[in-house]
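Take a look at the letters that make up each chain.
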Amino acid sequence: MNYYSTNKKTSAVSLQEAVVKGLAADKGLFMPATVETLPQEFYDSIDTLSFQETAFRVAEAFFGEDVPADVLRQIVCDTLNFDVPLVRVTEDVYSLELFHGPTLAFKDVGARFMARLLGYFIRKERHGQVDVLVATSGDTGSAVANGFLGVEGIRVHVLYPQGKVSEIQEKQFTTLGRNITAIEVDGTFDDCQALVKAAFMDEELNRHLSLTSANSINVARFLPQAFYYFYAYAQLKRIGKAQNVVVCVPSGNFGNITAGLFAKKMGLPVKRFIAANNRNDIFYRYLQTGTYTPRPSIATIANAMDVGDPSNFARIIDLYGNSHAAITADISGATYTDEQIRETVAQTWRTSGYLLDPHGACGYRALSESLQPGETGIFLETAHPAKFLETVEGIVGERVEVPAKLQAFMKGEKRSLPMHKDFASFKRYLLSL
Ligand SMILES: *Cc1c(COP(=O)(O)O)cnc(C)c1O
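Here is what the cut-offs are and how they apply
- Every chain's residues receive numbers from 1 upward, in the order its sequence appears when written.
- It should be noted that, the model being predicted, local features are given only for residues of pLDDT at least 70 and side-chain atom pairs only at 80 or more, the latter also being counted only at that level, while totals for whole chains, interfaces and linings use all residues.
- Note that water and hydrogens are dropped before the side-chain values are worked out from all heavy atoms of the structure.
- Counting from the N terminus, the helices are the DSSP runs of H or I reaching at least four residues and the strands are the DSSP runs of E reaching at least two.
- Here the radius of gyration uses the C-alpha set of atoms, whereas the globule reference equals 2.2 Å times the residue count to the power 0.38.
- Under the scheme applied here, a residue whose accessible area is under 20% of the maximum for its type counts as buried, over 50% as exposed, and between as partly exposed, the area being computed with a 1.4 Å probe on protein chains only.
- In what follows, a contact means two residues having at least one pair of non-hydrogen atoms within 4.5 Å.
- The charge count treats Lys and Arg as positive and Asp and Glu as negative. His and the chain ends do not count.
- By convention, the charge on Lys lies at NZ, on Arg at CZ, on Asp at CG and on Glu at CD.
- Think of it this way: a Phe, Tyr or Trp ring, Trp meaning its six-membered ring, pairs with another when their centres are within 6.5 Å, and the plane angle makes it stacked under 30 degrees, edge-to-face over 60, tilted otherwise.
- Residue proximity to a molecule or strand is established when one non-hydrogen atom of the residue lies within 4 Å of it.
- Throughout this description, a polar contact denotes any pair of N or O atoms lying within 3.5 Å of each other; where both atoms belong to protein, one of them has to be capable of donating a hydrogen while the other can accept it, and for residues adjacent in sequence the pair is counted only when both atoms sit in side chains.
- Note on areas: Shrake-Rupley, 1.4 Å probe, and residue coverage restricted to the protein chains presented here.
- Note on residue categories: nonpolar means Ala, Val, Leu, Ile, Met, Phe, Trp, Tyr, Cys or Pro, charged means Asp, Glu, Lys or Arg, and polar means any other residue, Gly included.
- Any two strands between which DSSP finds at least two bridges are classified as paired.
- Working convention: axes come from line fits to C-alpha atoms, limited for helices to the stretch in contact. Angles between N-to-C directions cover 0 to 180 degrees.

Things to note about the overall build of the chain
Right, on to step 1. On a plain count of helices and strands, the chain comes out with 20 helices and 13 strands.
Right, on to step 2. For 433 residues, the compact-globule estimate of 2.2 N^0.38 gives 22 Å, and the chain sits close to it at 21 Å.
Right, on to step 3. The C-alpha extent of the chain, read off along each of the three principal axes, is 65 × 50 × 40 Å.
Right, on to step 4. A buried classification covers 58% of the 433 residues belonging to the chain.
Right, on to step 5. Sequence separation of 24 or more characterises 74% of the internal contacts of the chain that already satisfy a separation of 6 or more.
Right, on to step 6. Of the side chains in the chain, 43 bear a positive and 48 a negative charge, and the two mean positions are spaced by 2 Å.

Here we look at the environment of Leu430
Right, on to step 1. As for its placement among the helices and strands, Leu430 is situated in helix α20 (residues 423-431).
Right, on to step 2. Look at Leu430 and you get buried, because its relative accessible area is 0%.
Right, on to step 3. Beyond its immediate sequence surroundings of up to four residues, Leu430 is in contact with Leu133, Ala199, Leu205, His208 and Leu209.

Examining the packing of aromatic side chains
Right, on to step 1. Enumeration according to the criterion identifies 20 aromatic pairs in this entry.
Right, on to step 2. Ring plane angle 55° and centroid distance 6.1 Å describe the contact between Phe42 and Phe230, whose orientation is recorded as tilted. On the criterion of sequence distance, the pair formed by Phe42 in helix α2 (residues 40-45) and Phe230 in helix α11 (residues 227-238) is long-range, its members being 188 residues apart.
Right, on to step 3. Seen in terms of ring centroids, Phe283 and Tyr286 are 6.0 Å apart; in terms of plane orientation they differ by 35°. Their pairing is tilted.

Side note on the site of the ligand
Right, on to step 1. Around the ligand there are 15 residues in total, and Lys107, Gly252, Asn253, Phe254 and Thr382 lie nearest to it.
Right, on to step 2. Gly255 places a main-chain nitrogen or oxygen 3.2 Å from an oxygen atom of the ligand.
Right, on to step 3. For the ligand, whose accessible area on its own is 390 Å², the fraction buried by protein is 95%.
Right, on to step 4. Among the residues making up the shell around the ligand, the classes are represented as six nonpolar, seven polar and two charged.

What to know about the sheet that holds strand β12 (residues 376-381)
Each strand in a sheet pairs with another by means of backbone hydrogen bonds, the pair being arranged parallel or else antiparallel.
Right, on to step 1. In spatial order, the strands read β3-β4-β12-β9-β10-β11; together these six strands make up an open sheet with mixed pairing. Unpaired on one side and paired on the other, β3 (86-90) and β11 (331-335) mark the two borders of the sheet. Going from strand to strand, the sheet's axes swing by 25° on average, the running direction of each strand aside.
Right, on to step 2. Sheet topology note: the strand β9 (residues 245-250)/β12 ladder contains four bridges and is parallel.

In structure tokens form, the structure reads like this:
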């Protein structure tokens, strides 16, 4: 299947090119040429399928033309070696727990899938070595580094701002070793991003190395997120609650919710979506006014959603043919202050005994406030609360148990390469590889 650019100023490319390039030449985002509706028979029997089998059927619709079935099945099974359980929180509200992967956040799904698909293309082309550059303010680095760990033919270089990521986050990508190098830049996240961008533009480097990015806009990271929407529906169907399903997604760059909108387009019976925002309410305002006005992001306690110009907005616009009416028919919005997020975490813990993380709290609250009689709601719990230990313990006033997986990272030894923020040092490093 071909992938076209949302800017429509370049011709469509193959899956392989879309995955290796990440962004289209005209700076648009890649979109699959067709979105296949899955057969009724699939939806009728979905509650009898495993997560991996469900995901494979969805993956085939997008990647089946370009990747042999046995390879694709293996990629899906390797990616999803953890569960995504649906957990009841109140009468009609369920949490889709996306935090059971290696770094305890939903980005594990996309990062693991992309690593394996890219690995397949590299082996197929006998490409030698590919170098993935990724700048991170915390969570992306850990998901990408762990997703690519041990994948043959790929070296990953994670650039992060010294002293500006939490200790837990830092440990998740500086303790891995093998094909992962953590580069500690004496600057800000923006400096890290600027270094990565400059490297992609540098002709000499591109002659010397095959550079690619593992950015969240990559189709191989973004589309696999559709898998768990189908599995969430299947789990509701098993308990006879699959009518009038409403799905609420805590959103920042809007990749996660866009994957859900693709699932709906493939026929998944979701009645409507809710995009829950923190104070970064650019999309919320677009829904209210029809005007999209990016603004600099505001720091909040749900920091993975601190985005002032959501990159996947272009995909939503494209998917709905640029119709504000069509978008608002399927999606509503909500926006919460840090104070409201705190209140929600505390109250839900007190009344239901369910511990939300600050991102999931936006989702839970938006869903609870909007759910109508006869509807069943799912919100996406995008990270484990222990990833935001200080914040969450401060809110509930109790010790929060840290999962063994997270503790194991904490025990590892940090290894990083100090780097000056000027491009010359970074270029020297890359040329020496
Ligand atoms: C990345 C992230 C989000 C936002 O997801 P988008 O796909 O960017 O909308 C929400 N919650 C957590 C915990 C995240 O890490």
